[in-house]
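# Structure at a glance
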Amino acid sequence: MSRPTEVISVDPKQPDPSVIEHAASILRRGGLVAFATETVYGLGADATNPDAVMAIFEAKGRPSQNPLIVHVDSTEMAKSCVAEWPDVADLLALHYWPGPLSLVLPRTSRIPDAVTAGLPTVGIRNPRPLVAQDLIERVGRPIAAPSANRSNRVSPTLASHVFKDLEGRIDLILDSGQTDLGLESTVVDLTTRQPRVLRPGPVSASELESLIGPLRVVEIANPGAVDLGVLTSPGQLPVHYAPQARTLRVETPEDLARLPWTTDEFVRVFGSVGTPEEFGLLDRPERVALVIIGTPELPSLPAALTHRFHLPDPETAGRDLYVVLHQCDALGVSLIVIVPPPDRREWHTIRDRLWRASRPWRE
Ligand code: AMP
Ligand code: MG
């Protein structure tokens, strides 16, 4: 399946039309192009071409039952993909599009089974960046675009993340720099009586509710904390978006002091989870990374730990969380210890992603 992967830089404020045309021609003939949206880099294919869509699944190693989000450049194009466009969709599109909100609606036959994993519905969104807008407009067709990473790995927020995961598997990467928001879109299902947030994201359930009230918006709870029963959306899988290093989360910054910082202590506490070689902490401080989120200051830490990352506020954490997780993998650490942010509304989306990327340090 190997194919050469071209990388072309493109100015996010003034995309070169000849580069956009080059990318559009690849998409028109059924190829795969990665491009930045405001959330993460997407891996695009012509959503109306089943073979092109199948190539996305192959390049990502994505299970075929995980549906793709279709990207459009206008509400008019969105309407060509759906069988119903309720008033609530109009309201949300008017307010949030272009933006990080995906709407799930009944699909038309324009959208093939491969895109929706056979579901009768399709997830649609209209991304804001000019590169994405120009590209979709130039192709003139909806573009299916999941995150441009190998399945179950951390989503890419830089072109170099895409290259590392998908080099030799896709035709082109348009490099327009780091994505603005850094977390995947909010997915809201409009096919039920009450709209349901299937995946939390940059647009919160309470914002949606204040716009579309008196309709109530149902939101799934923090997925790490609940038994989801039957999954309604694969983005709800409990382990998803995980780094390659073993990733543990403590509950509070104070727990850091209780972590077993030597190999012997670690083996005593964690028993069979790993070998001493894998888990030497202060014995092998270069193998450990600490990611502290949502505390204004760094707690006092063992001095030998040099790989430390601090994401103090929700905006920085949203933008840079995946950069940090990719960096931990690039550093070759075998253990990432995460201190998650407090259980408050503004941290909901970050906690959702952290819960899927990590396990509690005490099982
Ligand atoms: P991504 O991997 O970022 O492309 O996100 C795609 C996610 O959007 C899927 O894993 C689902 O959680 C959600 N999604 C897309 N289409 C649908 C659909 N028709 N019904 C429910 N969820 C969907
Ligand atoms: Mg993804």
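Our subject is the structure that appears above.
Let me sum up the structure you'll find in this document. Quick caveat, the model's predicted, so the values are computed rather than measured.

Another point: the sheet that holds strand E14 (residues 307-311). Across the sheet, five strands lie side by side as E14-E13-E15-E12-E16; this open sheet has parallel pairing. Pairing within the sheet leaves two strands with one partner each, and these edge strands are E14 and strand E16 (359-360). Where strand E13 (residues 288-293) and E14 come together, five bridges link them in parallel fashion. Paired with Ala 289 across the strands is His 307, a residue of E14. Together, E13, E14 and strand E15 (335-339) form the strand contacts of helix H12 (residues 314-331), whose direction differs from that of E14 by roughly 170 degrees. Against the sheet, helix H13 (residues 348-357) engages strand E12 (246-249), E13 and E15, with an angle of about 130 degrees to E12.

Within the element layout of this structure, Ala 47 appears in the loop between strand E3 (41-46) and helix H2 (50-60). Separated by 21 residues in sequence, Ala 47 and Leu 68 place their C-alpha atoms 9.2 Å apart. Among all residues touching Ala 47, those that are not within four sequence positions of it are Val 53, Val 70, Arg 110, Pro 112, Val 115, Pro 142, Ile 143 and Ala 144.

Turning our attention to the layout of surface pockets. One number sums up the size of the second largest pocket: a volume of about 490 Å³. When residues in the lining of the second largest pocket are grouped by element, the largest group, four residues, is from H12. Counted by class, the lining of the second largest pocket contains eight nonpolar, six polar and six charged residues.

Looking at the secondary structure, you find Ala 52 in helix H2. For Ala 52 and Leu 32, which are 20 residues apart along the polypeptide, the C-alpha to C-alpha distance reads 7.4 Å. Ignoring anything within four residues of it in the chain, the contact list for Ala 52 reads Gly 30, Leu 32, Ala 45 and Asp 46.

All right, on to the packing of H12 against H13 then. Packing of H12 against H13 brings their axes to within 10 Å, and their N-to-C directions diverge by 30 degrees. Put simply, H12 runs roughly parallel to H13. Here the hand of the crossing between H12 and H13 comes out left-handed. On H13, the residues that touch Pro 314, Ala 317, Gly 318, Leu 321 and Tyr 322 of H12 are Ile 350, Arg 353 and Leu 354. Its residues assigned to classes, the contact of H12 with H13 comprises six nonpolar, one polar and one charged.

Right, let's get into helix H6 (residues 130-139). Buried residues of H6: Val 131, Ala 132, Gln 133, Leu 135, Ile 136 and Val 139, and no others. Residues of H6 that are buried in the fold lie against helix H1 (17-28), strand E2 (33-36), strand E4 (69-71), helix H3 (75-79), strand E7 (143-144) and strand E8 (172-175). With its phi angle positive at about 80 degrees, Gly 140 sits one or two positions after the end of H6.

Now for the side chain of Ser 151. Here Ser 151 shows up in the loop between E7 and helix H7 (159-166). Judged by relative accessible area, Ser 151 falls into the buried class, the value being 19%.

Turning to the packing of helix H4 (residues 87-96) against helix H8 (residues 205-212), a few remarks are in order. Across the interface, H4 lies against H8 with an axial gap of 10 Å and an inter-helix angle of 115 degrees. In this structure, H4 crosses over H8, and the sense of that crossing is right-handed. Contact residues: Val 88, Leu 91, Leu 92, His 95 and Tyr 96 in H4; Glu 207, Leu 208, Leu 211 and Ile 212 in H8. Taken together, the residues that form the contact of H4 with H8 break down as seven nonpolar, one polar and one charged.

Looking now at the sheet that holds E2. Strands sit in the order E1-E8-E2-E3-E7-E4-E6-E5-E9-E10-E11 across an open sheet of 11 strands; the sheet is mixed. Edge positions in the sheet fall to strand E1 (6-9) and strand E11 (218-219), since each of these pairs with one other strand and no more. When strand E9 (residues 186-189) meets strand E10 (residues 196-199), the two strands line up antiparallel, connected through three bridges. Across the sheet, residue Val 187 finds its bridge partner in E10, namely Arg 199. In this fold H4 packs onto strand E5 (101-106) and E9, with an angle of close to 160 degrees to the strand it touches most, E5.

What you see with E2 is no split at all: Val 33 and Phe 35 on one side and Ala 34 and Ala 36 on the other are buried throughout. Hairpin geometry of E2 and E3 is characterised by an intervening segment of four residues between the two adjacent antiparallel strands. The sheet contact formed by E2 and E8 spans two bridges and is parallel. Among the inter-strand pairings, Val 33 is bridged to a residue of E8, identified as Leu 172.

Definitions and cut-offs
- Residues numbered from 1 in each chain as written.
- Chains lettered and ligands numbered in written order.
- Predicted model: local features only at pLDDT ≥ 70, side-chain atom pairs only at ≥ 80, totals over all residues.
- Heavy atoms only, no water.
- Pairing = 2+ DSSP bridges.
- Helix = DSSP H or I, 4+ residues; strand = E, 2+ residues; numbered from the N terminus.
- Contact = heavy atoms within 4.5 Å.
- Axes fitted to C-alpha atoms, helices over the stretch in contact; angles between N-to-C directions.
- 1 Å grid on protein atoms, 1.4 Å probe; cavity = no way out; pocket = protein on both sides within 12 Å on 5 of 7 lines; lining within 4 Å.
- Points joined across faces, edges and corners; volume = space filled by probe spheres on them.
- Nonpolar A, V, L, I, M, F, W, Y, C, P; charged D, E, K, R; others polar.
- Parallel < 35°, antiparallel > 145°, perpendicular 65-115°, else oblique.
- Left-handed = near helix turned anticlockwise from the far one by under 90°.
- Buried < 20%, exposed > 50% of the residue type's maximum accessible area, 1.4 Å probe, protein only.

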